[in-house]
Amino acid sequence: MNNIKQGSLVYIDFEPSKGSEMQKRRPAIVMSRDEYNLSSNLIIVCPITLTTKERPYFVSIDHEELNSNSKVNTKQVYSLDYTQQGDRNIEIIGNVTNREFMNIAQHFMLNFNFNF
């Protein structure tokens, strides 16, 4: 059963990874729509990292389950299998507010150049 929703904060294993990809088990935010999550074995996430660096693609996030200086890395976008077969060991740890999600989503959209 999938109860992973858009805006959920999860712990997820990013291994195996290569090169500049995120590594190890870390928190992430689910960016994909609920319909996407329910209709496939995949979720789209952005990892959360601890950093004091200021970059346009880092979005600060404040949640009781996260360390201070936690930032969503909207530059790195992953589509990952959340099922047992995917072996990502996903744990839901909370949710962000709608306001926080909209701020993160605006930064996330800077990865794309859609001509609406």
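Note that the structure is a prediction, hence the values are computed from the model and not measured.

**Q** Would you take a moment to explain the overall build of the chain for this structure?
**A** From N to C terminus, the chain includes two helices and seven strands. Taken from N to C terminus, the helices and strands of the chain fall in the order β-β-α-β-β-β-β-β-α. In summary, the chain has a C-alpha radius of gyration of 14 Å against a globular reference of 13 Å for 116 residues, a match within 12%. Oriented by its inertia axes, the alpha-carbon framework of the chain measures out at about 35 × 35 × 30 Å. For the chain, the proportion of its 116 residues judged to be buried stands at 43%. The contacts in the chain between residues at least 6 apart in sequence include a share of 59% that link residues at least 24 apart. Within the structure as shown, the chain displays about 7400 Å² of accessible surface, and the carbon and sulfur contribution to it stands at 47%.

**Q** Can you walk me through the pairing of strand β3 (residues 42–50) in this structure?
**A** For a regular strand, side-chain orientation follows a simple rule: the groups alternate between the two sheet faces. In this structure, strand β2 (residues 25–30) lies alongside β3, joined through three bridges in antiparallel fashion. If you follow alanine 28 over to β3, its bridge partner there is proline 47. Where β3 meets strand β6 (residues 78–81), four bridges bridge the pair, whose relative direction is antiparallel. Counted as the bridge partner of valine 45 is tyrosine 78 from β6.

**Q** What is the right way to look at the layout of surface pockets in this model?
**A** The calculated volume of the largest pocket comes to roughly 170 Å³. Together, Tyr11, Lys24, Arg25, Arg26, Pro27, Ile48, Thr49, Leu50, Glu65, Leu66, Asn67 and Ser70 line the largest pocket. Going through the elements one at a time, β2 and β3 are the ones with two or more residues in the lining of the largest pocket. Taken together, the residues that form the lining of the largest pocket break down as five nonpolar, three polar and four charged.

**Q** Looking at this structure, how should I read the environment of leucine 110?
**A** With respect to the element layout, leucine 110 can be found in the segment after α2 (98–108). In this structure leucine 110 comes out as exposed when scored by relative accessible area, which is 66%. Considered as a pair, leucine 110 and proline 56 are 54 residues apart in the sequence and their alpha carbons are 9.6 Å apart.

**Q** For this particular structure, what's the right way to read the environment of valine 72?
**A** Assignment of secondary structure puts valine 72 in strand β5 (residues 70–73). Considering only alpha carbons, one finds valine 72 and proline 47, 25 residues apart in sequence, at a separation of 5.9 Å. Those residues in contact with valine 72, other than ones at most four positions away along the chain, are Ile29, Cys46, Pro47, Ile48, Tyr57, Phe58, Val59, Ile61 and Ile104.

**Q** Would you mind showing me how to read the pattern of salt bridges here?
**A** Scanning the entire structure with this criterion turns up four salt bridges. With its nearest N and O atoms 3.3 Å apart, the salt bridge here joins arginine 25 to aspartate 13. Here aspartate 13 lies in strand β1 (residues 8–13) and arginine 25 lies in strand β2, a separation of twelve residues in the sequence. Accessibility expressed as a relative area gives 14% for aspartate 13, which makes it buried. One salt-bridge network, in which partners are shared between bridges, spans Asp13, Arg25 and Glu91.

Conventions adopted
- Each chain carries its own residue numbering, running from 1 in the written order of its sequence.
- At least 70 in pLDDT is required for a residue's local features to be given in this predicted model, at least 80 for side-chain atom pairs to be given and counted, and no such filter applies to totals for whole chains, interfaces and linings, which use all residues.
- To get the side-chain values, all heavy atoms of the structure are used, and hydrogens and water are removed first.
- Every helix listed is a DSSP run of H or I at least four residues long, and every strand listed is a run of E at least two residues long, numbered separately from the N terminus.
- In this description the radius of gyration comes from C-alpha coordinates, and the expected globular size is given by 2.2 Å times residues to the power 0.38.
- Throughout this description, buried means an accessible area under 20% of the type-specific maximum (1.4 Å probe, protein chains only), exposed means over 50%, and partly exposed covers the range between.
- The contact definition used throughout considers only heavy atoms, calling two residues in contact when any of these lie within 4.5 Å.
- Computed with a 1.4 Å probe, the accessible areas rest on the Shrake-Rupley method; for each residue, only the protein chains presented here act as cover.
- We treat two strands as partners when DSSP finds at least two bridges between them.
- Two kinds of site are reported from a 1 Å grid over the protein atoms alone, namely cavities, where a 1.4 Å probe fits but cannot get out, and pockets, open sets with protein on both sides within 12 Å along at least five of seven lines, and residues are called lining when an atom falls within 4 Å of a point.
- Grid points are joined across faces, edges and corners, and a volume is the space filled by probe spheres set on the points.
- In this classification, the charged set is Asp, Glu, Lys and Arg, the nonpolar set is Ala, Val, Leu, Ile, Met, Phe, Trp, Tyr, Cys and Pro, and all remaining amino acids, among them Gly, are polar.
- When a carboxyl oxygen of Asp or Glu lies within 4 Å of a side-chain nitrogen of Lys or Arg, that pair is called a salt bridge.

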